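Given next are the chains, with one letter for each unit.
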Amino acid sequence: MPAPITNLYHYRAVVTAVYDGDTCTVDIDLGLSTWIRGEKIRLHRINAPELTGRTKAKGTAARDALRKLVLNQPVVLQTIKDRREKYGRYLAEVWLERNGAWLNVNDEQVNSGHAQYQKY
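Bear in mind that the values here come from a model prediction, so they are computed numbers and not experimental data. Throughout, residues of each chain are indexed from 1 in the direction in which the sequence is written. Where totals are concerned, whole chains, interfaces and linings use all residues; where local detail is concerned, this predicted model gives features only for residues with pLDDT of at least 70, and gives and counts side-chain atom pairs only at 80 or more. Side-chain numbers here rest on the full set of heavy atoms in the structure, without hydrogens or water.

### Regarding the environment of Asp27
Move 1: Checked against the element boundaries, Asp27 lands in strand S2 (residues 23–31).
Move 2: Contacts were defined at the residue level, with two residues in contact if any of their heavy atoms lie within 4.5 Å. Setting aside residues no more than four positions away along its own chain, Asp27 makes contact with Arg12, Ala13, Val14, Thr16, Trp35, Ile36, Arg37 and Gly38.
Move 3: One polar contact links Asp27 to Arg37, side chain to side chain, over a distance of 3.3 Å. Counting from the N terminus, the helices are DSSP H or I runs at least four residues long and the strands are E runs at least two residues long. Polar contact is the term for a pair of N or O atoms within 3.5 Å; when the atoms are in protein, one must be able to donate a hydrogen and the other to accept it, and sequence-neighboring residues count only if both atoms are side-chain atoms.

### Describing helix H1 (residues 56–70)
Move 1: Helix length check: H1 (15 residues) gives 21 Å between terminal C-alpha atoms against 21 Å at 1.5 Å per residue, within 8%.
Move 2: Partly exposed describes any residue whose relative accessible area lies between the buried limit of under 20% and the exposed limit of over 50%, with all areas from a 1.4 Å probe on protein chains only and scaled to the type maximum. Within H1, burial applies to Gly59, Ala62, Arg63, Ala65, Leu66, Leu69 and Val70. Down the axis of H1, the sector holding all buried residues measures 160°, keeping them to one side. Pointing more than 90 degrees away from the buried face of H1 are the exposed residues Ala57 and Lys68.
Move 3: Two residues or fewer past H1, Asn72 is found with a positive phi of approximately 65°. Between the first and last residue of a helix there are one fewer steps than residues, each counted as 1.5 Å, and that sum is the expected span. When we speak of the arc, we mean the arc of directions from the helix axis to the C-beta atoms.

### So, the pattern of salt bridges
Move 1: Salt bridges are counted wherever a side-chain nitrogen of Lys or Arg sits within 4 Å of a carboxyl oxygen of Asp or Glu. Under the criterion given, the structure shown has six salt bridges.
Move 2: Between Arg45 and Glu93 there is a salt bridge, and its shortest N-O distance comes to 2.6 Å. Taken together, the residues Arg45 in the loop between strand S3 (34–43) and strand S4 (46–47) and Glu93 in strand S6 (residues 90–98) connect sequence positions 48 residues apart.
Move 3: For Arg45, a relative accessible area of 27% puts it in the partly exposed group.
Move 4: Of the residues examined, Glu93 reaches a relative accessible area of 9% and is grouped as buried.
Move 5: Here Arg67 makes a salt bridge to Asp64, at a shortest N to O gap of 4.0 Å. With Arg67 and Asp64 both in helix H1 and three residues apart, the pair spans about one turn of that helix.
Move 6: It is possible to trace a salt-bridge network through shared partners that takes in Arg45, Glu93 and Asp107.

### Section: the nonpolar core
Move 1: Nonpolar core, defined: a set of buried Ala, Val, Leu, Ile, Met, Phe, Trp, Tyr and Cys residues in which side-chain atoms within 4.5 Å join the residues together. If you look at the biggest cluster of nonpolar residues, it comprises 23 residues, and the most contacted ones within it are Val26, Val70, Val75, Leu77 and Val105.
Move 2: No other element matches the four residues that H1 contributes to this core.
Move 3: With residues near it in sequence (within four places) discarded, Val26 still touches Ala13, Val14, Val15, Thr16, Ile36, Arg37, Gly38, Glu39, Ile41 and Leu77.

### So, the side chain of Thr23
Move 1: Structurally, the position occupied by Thr23 is in strand S2.
Move 2: On the basis of relative accessible area, Thr23 is assigned to the buried category, the value being 2%.
Move 3: Here Asp22 takes part through its side chain, which lies 3.2 Å from a polar atom of the side chain of Thr23.
Move 4: Ignoring any residue separated from it by four or fewer positions in sequence, one finds Thr23 in contact with Val18, Ile41, Arg42, Leu43, Leu66 and Arg89.

### Description of the packing of aromatic side chains
Move 1: Aromatic rings from Phe, Tyr and Trp, taking only the six-membered ring of Trp, are treated as a pair when their centres fall within 6.5 Å; an angle between ring planes under 30 degrees marks them as stacked, one over 60 as edge-to-face, and anything in between as tilted. As enumerated under the stated definition, the model contains one aromatic pair in all.
Move 2: Judged by centre distance (6.4 Å) and plane angle (10°), the ring pair of Tyr9 and Tyr11 falls under stacked.
Move 3: Accessibility expressed as a relative area gives 32% for Tyr9, which makes it partly exposed.

What follows is the structure, given as structure tokens:
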């Protein structure tokens, strides 16, 4: 049996706000009736257009697409232990259950043309 991956964490969460095409706010269920509320997360591996300047129209479309997918929805977050980006947000893969299958929201933002893959 392979060794378990020890640097990934999975949490059930609810998306309470979407700021832009790659940032949202979640309430995270830590288990044992313990929640973290209002945690901002950054979708890992992707970058969406900004909501200002010449990319405003594309940024708004990216934000709206992410809102349509996840706002007020239960999701599963896959985070990298203690990994935050430069603005202090946790980096996460966001998973949404749809019709009995799991959809990676990060990849969906790229596949729908609302973001690009990016290394940090």
